[in-house]
Amino acid sequence: MTAVSRLSTTLSALALLLAATLATPATAAGPAEPAATSRLGTEARVPHRDKGAFPQLMLREREARGQRAVDQLGARLPELAAWYGKSADEFRAHLLNDRSWRLDQRGRVFIVEEMDRPLPATAPTAAASSLIDGTLLPLDQTFLLHSKPGAARTIYLNFKGATLSGTAWNSAGTTINALPFDLDGIPYSFSTAELQRIQAIWQRVAEDYAPFDVNVTTEAVPADRITRAGSTDTVFGTTVLITSSTGVYSCSCGGVAYLGVFDDTSDFYKPALVFYNQLGAGNEKYVAEAISHEAGHNMGLGHDGTATVGYYTGHGSGATGWAPIMGVGYYQALVQWSKGEYGGANNTQDDFAVMQSNGLPLRADDHGNTAATATVLSGTSAGGLSTLTAQGVIERSSDVDMFSFAAGAGSASFTVSPAARAPNLDALVTLRNAAGTVLATINPADAVGASFSVTLPASGTYTLAVQGTGKGDPLATGYSAYGSLGQYAVAATVATPGSLAPTAVIGASALRGTAPLTVAFNGAGSSDADGAVVAWDWAFSEGGTAAGSSTSRTYTAPGSYTTTLRVTDNAGLSASASVTVTVDAPVVVRTMRVADIAMGLVPGSNGAAQASAAVKVLDSDGRPVVGAAVNGQWSGLVSRKSLSNTDANGVARFLSPSTRATGNSFRFAVTGVSRSGYTYAPLTNTETNDSIAR
């Protein structure tokens, strides 16, 4: 991934120009076509899109871009655009305006991140003293790193090199020997500096993909964790191979990747390739940004740029200087997924929606969003102070992670720390008392974490809420909360409280229903911040009591009923909560039936005639049913379906088509009756059909 626009000379010399030369595979004259595969979606909060089979194409050239690509697709362009989830105009615009887009001979899109020259080497980042605080694990675990073990999706970061054969990067019958990640010129042997660099790169990529239910790993996983066996296989992934471009791909570029192949049922278009030798000689940030960017292409993402810049380099400065992952993230501290909210954006695709539609689901929420579902902060107490900690992930812009804790009156300090090495989260922190009153809201203007101290007014239970936020105006030097997602750690030091009353919480299987209604009540959600709940006592407004953490009641009469739970803790303190159950009267559904069908003949001109049918509908008490829709079928001399509604007397009137035919009968049959509040009971009909001869 590179900066690729022709910027003015006032910009940093690191800003790169988009090369005009065509990059070509070093070993290839054109890769072989794999066996046909199906690419069907499965599940996701945004549905995993059913792409169907890829259109069968064979273009004239092995590699085409711009107008030549458009011309070679011809009338097939809309079909190909639809497979990629784009309109024909949108797909055509990408081909014409994004010089990094290429079509291979089969019509597959791949992307070459061109630049005029390799990025210059920079001084290495000192090793930090896990994912959130930046601590490196023992070096012998470098190739055993997992961000989310057990996830069904995998992104394998291969730093060890590979021999590629039978992929889209190969010429027919050839192999490519891709070298390992190497900083000291001694391949296949990893020095301390190289192992530290690999761990740091993995931490950065894992943070970019923290909102997703995916395992970013440096361990060579079994093939079935990457290869998708078929459209119903939900365990699959992609590989990003971090290697030297030498002998692999002839270009001045930071990486290459195929578009939208994450959920393919073939590995032919994988891995994505990142060329560390072009990226500051293996610079930690450059390589990590390129990995996340190229993997993003596999998941269907295009480039974030402007009308004049192929890759947007961002805006702002310092800890809150911002850039999009699918633009150029090399030069800003806060690099996030985007939906093109910055000024002049040429790509407003919703990154999270596109990635989910290509098979990368969001992770499940890890902490409750309300005081009632808050996670209790745990820790240790000594010398009158309690030290409390927790970790979490903000996985969507609407997520609020709520934590509760007990504290005594006095000074309290709090720190919320996003991932130390490459945070995506700009944290907004809110402190409230037990009544929900806001005591403090913290979001430093020029930092993404938050540290603050307050004086808590009284001993009690408090909540701390963590969520993502934006800064200023995205059209200027700010950003929205859209991409402000990621990992964080919470640390608090508070006065150890004295005895606190418990909190009573009632769970009810239903709060409203029709008699007879059975409701199960559960008090297991009740808690005690400084001890344990030891007793649950229930009282019911209709009379009666019960004991234990759960109970149930059956209500047979309509009305409102209040259930009260009192809980008592091990210090003898108690608290109560109540819920009201509303019981409605049973809904009586009346039945209706056809009581009579009266037939008649209606003479016409020139020997023609029609038949009439008067259908009487009564309820179970023998009263006319007004406004019932009666469906009928004429047969015999004529044929037609008819519909009529009953009048004030409960009669629906029908008239057959006209006919001159004779020697048979007009027959009419009721095929259905419907009316809100009634059930049609055809077995109780006096008659369901009738006829009249002519």
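All residue numbers here refer to positions counted from 1 along the written sequence of the relevant chain. A pLDDT threshold of at least 70 governs which residues receive local features in this predicted model, and a stricter bar of 80 or more applies before side-chain atom pairs are shown or counted, although totals over entire chains, interfaces and linings include all residues. Hydrogens and water molecules were not included; the side-chain quantities draw on all heavy atoms of the structure.

## Here's the deal with the overall build of the protein
Thinking step 1. Helix and strand counts for the protein stand at six helices and 38 strands.
Thinking step 2. Across the 694 residues of the protein, 52% fall into the buried class.
Thinking step 3. Calculation of accessible area relied on Shrake-Rupley with a 1.4 Å probe; when residues are assessed, cover is drawn exclusively from the protein chains displayed. About 27,700 Å² of surface is accessible on the protein, with carbon and sulfur atoms providing 53% of the total. Per the convention used, a helix needs a DSSP run of H or I reaching at least four residues, while a strand needs a run of E reaching at least two, with both numbered from the N terminus. A simple rule labels every residue: compare its accessible area, found with a 1.4 Å probe on the protein chains alone, to the largest value its type can have, and call it buried under 20%, exposed over 50%, or partly exposed in between.

## Here we look at the sheet that holds strand S18 (residues 427-432)
Thinking step 1. Note on pairing: two strands pair once DSSP finds at least 2 bridges between them. Spatial strand order, S13-S16-S21-S18-S19: five strands in an open sheet with mixed pairing. Each having just a single partner strand, strand S13 (375-376) and strand S19 (438-442) make up the two edges of the open sheet.

## Some points on the pairing of strand S2 (residues 101-104)
Thinking step 1. Of the two faces of S2, the one holding Trp101 and Leu103 and the one holding Arg102 and Asp104 are both buried throughout.
Thinking step 2. In the sheet, strand S1 (residues 63-64) pairs with S2 via two bridges, with the strands oriented antiparallel. Across the sheet, residue alanine 64 finds its bridge partner in S2, namely leucine 103.
Thinking step 3. Direction of pairing for S2 relative to strand S3 (residues 109-114): antiparallel, over a ladder of three bridges. Each bridged residue has a counterpart across the sheet, and for tryptophan 101 the counterpart in S3 is isoleucine 111.

## Notes on the environment of glycine 632
Thinking step 1. Within the fold, glycine 632 resides in strand S33 (residues 629-636).
Thinking step 2. Judged by relative accessible area, glycine 632 falls into the buried class, the value being 3%.
Thinking step 3. Along the primary structure glycine 632 and alanine 613 are separated by 19 residues, whereas in three dimensions their C-alpha atoms are 9.8 Å apart.
Thinking step 4. Should any heavy atoms of two residues lie within 4.5 Å, those residues are considered in contact. Look past the residues within four positions of glycine 632 in its chain and what remains in contact with it is Arg640, Lys641, Ser642, Phe668, Ala669, Val670 and Thr671.

## Remarks on the packing of aromatic side chains
Thinking step 1. For Phe, Tyr and Trp, where Trp contributes only its six-membered ring, two rings pair if their centres lie within 6.5 Å, and the inter-plane angle classes them as stacked under 30 degrees, edge-to-face over 60, or tilted in between. In total, this model carries 33 aromatic pairs according to the counting rule given.
Thinking step 2. On the numbers, 5.2 Å between centres and 40° between planes, the contact of phenylalanine 110 with tyrosine 258 is tilted.
Thinking step 3. Residue tyrosine 258 is classed as buried on the basis of its relative accessible area of 2%.
Thinking step 4. Here the aromatic rings of phenylalanine 212 and tryptophan 337 are separated by 6.5 Å at their centres, their planes lie at 85°, and the arrangement is edge-to-face. Taken together, the positions of phenylalanine 212 in the loop between helix H4 (192-208) and strand S7 (214-217) and tryptophan 337 in the loop between strand S12 (334-336) and helix H6 (351-357) put the pair 125 residues apart, joining distant regions of the chain. Assigned by exposure class, phenylalanine 212 and tryptophan 337 land together as buried.
Thinking step 5. One Lys or Arg, lysine 160, reaches over the ring of phenylalanine 143 and ends 4.5 Å from the middle of that ring. Criterion for a charge above a ring: Arg CZ or Lys NZ at most 6 Å from the ring centre, at most 35 degrees from the ring normal.

## Notes on the UniProt feature "domain: PKD" (unreviewed entry) in the protein
Thinking step 1. Those places that UniProt annotates as "domain: PKD" (unreviewed entry) correspond, in this numbering, to residues 502-590.
Thinking step 2. Between the C-alpha atoms that bound residues 502-590 there is a distance of 51 Å. The span itself is 0% helix and 57% strand. UniProt positions are given in the numbering used here, feature names are shortened, and annotations may be inferred rather than shown by experiment.

## Thoughts on the confidence of the model for the protein
Thinking step 1. As a per-residue quantity, pLDDT reports the predictor's confidence and falls between 0 and 100. Looking at the protein as a whole, the pLDDT averages 89, with 92% of positions reaching at least 70.
Thinking step 2. Across residues 1-44, where pLDDT falls below 50, the model places 161 contacts with residues more than four positions away in sequence or in other chains.
Thinking step 3. Scored below 50 in pLDDT, residues 125-129 makes eight contacts in the model with residues more than four places away or belonging to other chains.

## Here we look at the state of the cysteines
Thinking step 1. Count a disulfide wherever a pair of cysteine sulfur atoms falls within 2.5 Å. In this structure the tally under the stated criterion is one disulfide.
Thinking step 2. Across the disulfide from cysteine 251 sits cysteine 253; the S-S distance is 1.8 Å. Measuring the twist about the S-S bond at about -50°, one finds the cysteine 251-cysteine 253 disulfide to be left-handed. The same class applies to cysteine 251 and to cysteine 253, which are both buried.

## Some remarks on helix H3 (residues 88-97)
Thinking step 1. For H3, the complete set of buried residues consists of Phe91, His94 and Leu95. With its buried residues spanning 95° around the axis, H3 presents them on a single face. Exposed residues lying more than 90 degrees from the buried face of H3 are Asp89 and Asn97.
Thinking step 2. Summarising the contacts, the buried residues of H3 are in contact with helix H1 (66-73), helix H2 (77-83), S2 and S3. Here, the arc refers to the directions that run from the helix axis to the C-beta atoms.

## Description of the nonpolar core
Thinking step 1. With 76 residues, the main nonpolar core has Leu157, Tyr209, Ile242, Ile291, Phe405, Phe414 and Leu431 as its most contacted residues.
Thinking step 2. Domain start and stop points were drawn from an automatic or database domain assignment. Taken domain by domain, the makeup of this core includes at least three residues from each of domain 2 (124-302) and domain 3 (375-495).
Thinking step 3. If we ignore the near neighbours within four places in the chain, the residues touching phenylalanine 414 are Phe405, Leu431, Ala450, Ser451, Phe452, Val454, Leu464, Ala491, Ala492 and Val494.
Thinking step 4. Core analysis: the next-biggest nonpolar cluster, separate from the first, contains 22 residues, Met599, Ala611, Phe654 and Tyr680 among them. Each nonpolar core is a collection of buried residues, namely Ala, Val, Leu, Ile, Met, Phe, Trp, Tyr and Cys, held together in the definition by side-chain atoms within 4.5 Å.

## Re unusual backbone geometry
Thinking step 1. Geometrically, the link from lysine 270 to proline 271 is a cis peptide bond, its omega value of 5° lying close to zero.
Thinking step 2. In this structure, proline 271 sits in the loop between strand S9 (253-258) and strand S10 (272-275).
Thinking step 3. Not every positive phi belongs to a glycine, and tyrosine 188 is a case in point at roughly 70°.
Thinking step 4. Topologically, tyrosine 188 is positioned in the loop between strand S6 (175-178) and H4.
Thinking step 5. What makes tyrosine 188 exposed here is its relative accessible area of 52%.
Thinking step 6. Its identity as a non-glycine residue notwithstanding, asparagine 606 has a phi of 55°, on the positive side.

## With respect to the pattern of salt bridges
Thinking step 1. The salt bridge definition used is simple: a Lys or Arg side-chain nitrogen within 4 Å of an Asp or Glu carboxyl oxygen. All chains considered together, the criterion is met by 22 salt bridges.
Thinking step 2. With a shortest N-O distance of 3.9 Å, lysine 270 and aspartate 267 are connected by a salt bridge.
Thinking step 3. We classify lysine 270 as buried; its relative accessible area is 5%.
Thinking step 4. Each of Arg62, Glu63 and Arg102 takes part in salt bridges that share partners, so that together they form one network.

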